[in-house]
Amino acid sequence: MKKAGIIGGIGPASTLDYYSGILNGYRAKTHDDNYPEIVINSINMTEMLSYVSRKNWDALVAMLLKAVKNLANAGADFAAIASNTPHIVFDKLQQHSPLPLISIVDATCRYARSNKCQKIVVIGTGFTMSSGLYSEALQKHNIAAIVPSAEEQSIIHNIIFPKLEEGIVVPEDKQRMLGIVNRLISEHHADALVLGCTELPLMIKEGDVSALILNTTQIHVEAIVNSI
């Protein structure tokens, strides 16, 4: 059994989902009474986001690399970042990482391809939507990506921060979010929706939209479980 290392705290609510998801997923997979070993390095989300907002990618890589080294020193065999946004620098981080890294973006793209998705609406933080993080990755798999307009991206980002990041779901915010998402799905005849922020599954559930929901948290957790 391999020991999983998780960079968490970005945000705290979804880190809890990772922890319980890995435990439950491993036990469901193995059908025994054992629990996997997990090491979590919870980092400062505010500091991390400050680097992203200033596009200080070197500082972001340095912060994440320090966390990966902490996980390695604690005995982890591989690592994963429990958040979508920091994956903006995933390739550079991977080059310097002392541990193999499991990408939430790669795992989601493979899942989309296995489900024969052709056109996908992508939502997440403003950083994730505007950076082309998923759009470019999906295009490599010949999957078209649709992102909201700049105005809609701002609305979605402000729904995620600060309340959803703290695990608070406001019904009115959910309706605004679904209004944007369902319109994009309908207008573009999309067959799937990427929840490109690990807190979005707290708000958007199966049956809320008329397309396949790609829950990046769940997909990432399954990839981690399969690596243990």
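Look a little higher up for the structure.
Rules of the game
- Starting afresh in each chain, residues are numbered from 1 along the sequence in its written order.
- Given that the model is predicted, a residue must reach a pLDDT of at least 70 before its local features are reported, and side-chain atom pairs must reach 80 or more before they are shown or counted; all residues, however, enter totals for whole chains, interfaces and linings.
- Side-chain calculation: all heavy atoms of the structure are included, whereas hydrogens and water are not.
- Pairing of aromatic side chains requires ring centres within 6.5 Å, counting the rings of Phe and Tyr and the six-membered ring of Trp. Pairs whose planes differ by under 30 degrees are stacked, by over 60 edge-to-face, and all others tilted.
- Cation placement over rings: the criterion is NZ of Lys or CZ of Arg within 6 Å of the ring centroid and within 35° of the ring normal.
- Only DSSP runs of H or I reaching four residues or more are called helices, and only runs of E reaching two or more are called strands; each is numbered from the N terminus.
- Three labels apply to residues, based on accessible area from a 1.4 Å probe with only protein chains included: buried if under 20% of the type maximum, exposed if over 50%, partly exposed otherwise in between.
- The contact rule is simple, with two residues in contact once any of their heavy atoms fall within 4.5 Å.
- DSSP calls a pair of strands paired once it identifies at least 2 bridges connecting them.
- Here the axes come from fitting lines to C-alpha atoms, over the contacting stretch only for helices, and the angles between their N-to-C directions go from 0 to 180 degrees.
- Throughout this description, the term nonpolar core refers to a set of buried Ala, Val, Leu, Ile, Met, Phe, Trp, Tyr and Cys residues connected via side-chain atoms within 4.5 Å.
- Put simply, the grid is 1 Å and covers the protein atoms alone, a cavity is a trapped set of points that fit a 1.4 Å probe, a pocket is an open set with protein on both sides within 12 Å along at least five of seven lines, and lining residues have an atom within 4 Å of a point.
- Grid points are joined across faces, edges and corners, and a volume is the space filled by probe spheres set on the points.

## Comments concerning the packing of aromatic side chains
- Overall, the coordinates contain 0 aromatic pairs when judged by the stated rule.
- Note that Arg-27 overlies the ring of Tyr-35, its terminal NZ or CZ placed 4.1 Å from the centroid.

## Examining the environment of Leu-214
- Among the structural elements, Leu-214 can be located in strand E8 (residues 212-215).
- Residue Leu-214 is classed as buried on the basis of its relative accessible area of 0%.
- The spacing of Leu-214 and Gly-75 is 139 residues in sequence and 31 Å in space, taken between C-alpha atoms.
- Apart from the residues within four sequence positions on either side, Leu-214 is in contact with Thr-108, Tyr-111, Ala-112, Ile-120, Ala-192, Leu-193, Val-194, Leu-195 and Ile-219.

## A closer look at the sheet that holds strand E6 (residues 144-146)
- The parallel open sheet is built from 4 strands, whose spatial order is E6-E5-E7-E8. Each edge of the open sheet carries a strand with a single partner, namely E6 and E8. Neighbouring strand axes in the sheet, compared pairwise and without regard to direction, differ in orientation by 30 degrees on average.
- Both strand E5 (residues 119-124) and strand E7 (residues 192-196) contribute to a ladder of 5 bridges, which runs parallel. Residue pairing for E7: Val-122 is matched across the bridge by Val-194.

## What about the pairing of E5?
- In terms of residue burial, E5 counts as a mostly covered element, since 5 of its 6 residues are buried.
- Where E5 meets E6, 3 bridges bridge the pair, whose relative direction is parallel. Looking at the pairing, Lys-119 lines up with Ala-144 of E6.

## Overview of the environment of Arg-176
- As for its position among the elements, Arg-176 is in helix H9 (residues 171-188).
- On the accessibility criterion, Arg-176 (46% relative accessible area) is partly exposed.
- Placed 141 residues apart in sequence, Arg-176 and Tyr-35 show a C-alpha to C-alpha distance of 40 Å.
- Residues within four places of Arg-176 in sequence aside, it is in contact with Ile-155 and Ile-159.

## A short note on unusual backbone geometry
- Residue Gly-11 is bonded to the preceding Ile-10 through a cis peptide linkage, with omega at 5 degrees.
- Looking at the secondary structure, you find Gly-11 in the loop between strand E1 (4-8) and helix H1 (12-30).
- Look at the link from Phe-161 to Pro-162: it is a cis peptide, with omega at 0 degrees.
- Residue placement: Pro-162 occurs in the loop between helix H8 (150-160) and H9.
- If you check the backbone angles, His-31 has positive phi at about 55 degrees while not being a glycine.
- Note on placement: His-31 falls in the loop between H1 and strand E2 (38-42).
- Relative accessible area serves as the criterion here: at 70%, His-31 is assigned to the exposed category.
- Not every positive phi belongs to a glycine, and Asn-142 is a case in point at roughly 60 degrees.
- Turning to its location among the elements, Asn-142 is positioned in the loop between helix H7 (133-139) and E6.
- Overall, the relative accessible area of 72% leaves Asn-142 in the exposed class.

## A short note on the nonpolar core
- Judged by nonpolar contacts, the single largest core of 51 residues is most densely connected at Ile-7, Ile-123, Met-177, Leu-193 and Ile-204.
- Looking at this core, the elements with two or more residues in it are helix H2 (45-53), helix H3 (57-73), strand E3 (78-81), helix H4 (90-96), E5, H8, H9 and E7.
- With 31 residues, the next largest nonpolar core counts Ala-82, Cys-109, Val-194 and Ile-219 among its residues.

## Section: the layout of surface pockets
- When its volume is computed, the largest pocket comes out at roughly 360 Å³.
- In this structure, the largest pocket is lined by 18 residues; those nearest its centre are His-87, Asp-91, Leu-133, Ala-137 and Lys-140.
- Listed by contribution, the elements that provide at least two residues to the lining of the largest pocket are H4, helix H5 (104-114) and H7.
- Per element, the largest residue contribution to the lining of the largest pocket is 4 residues, and it comes from H4.

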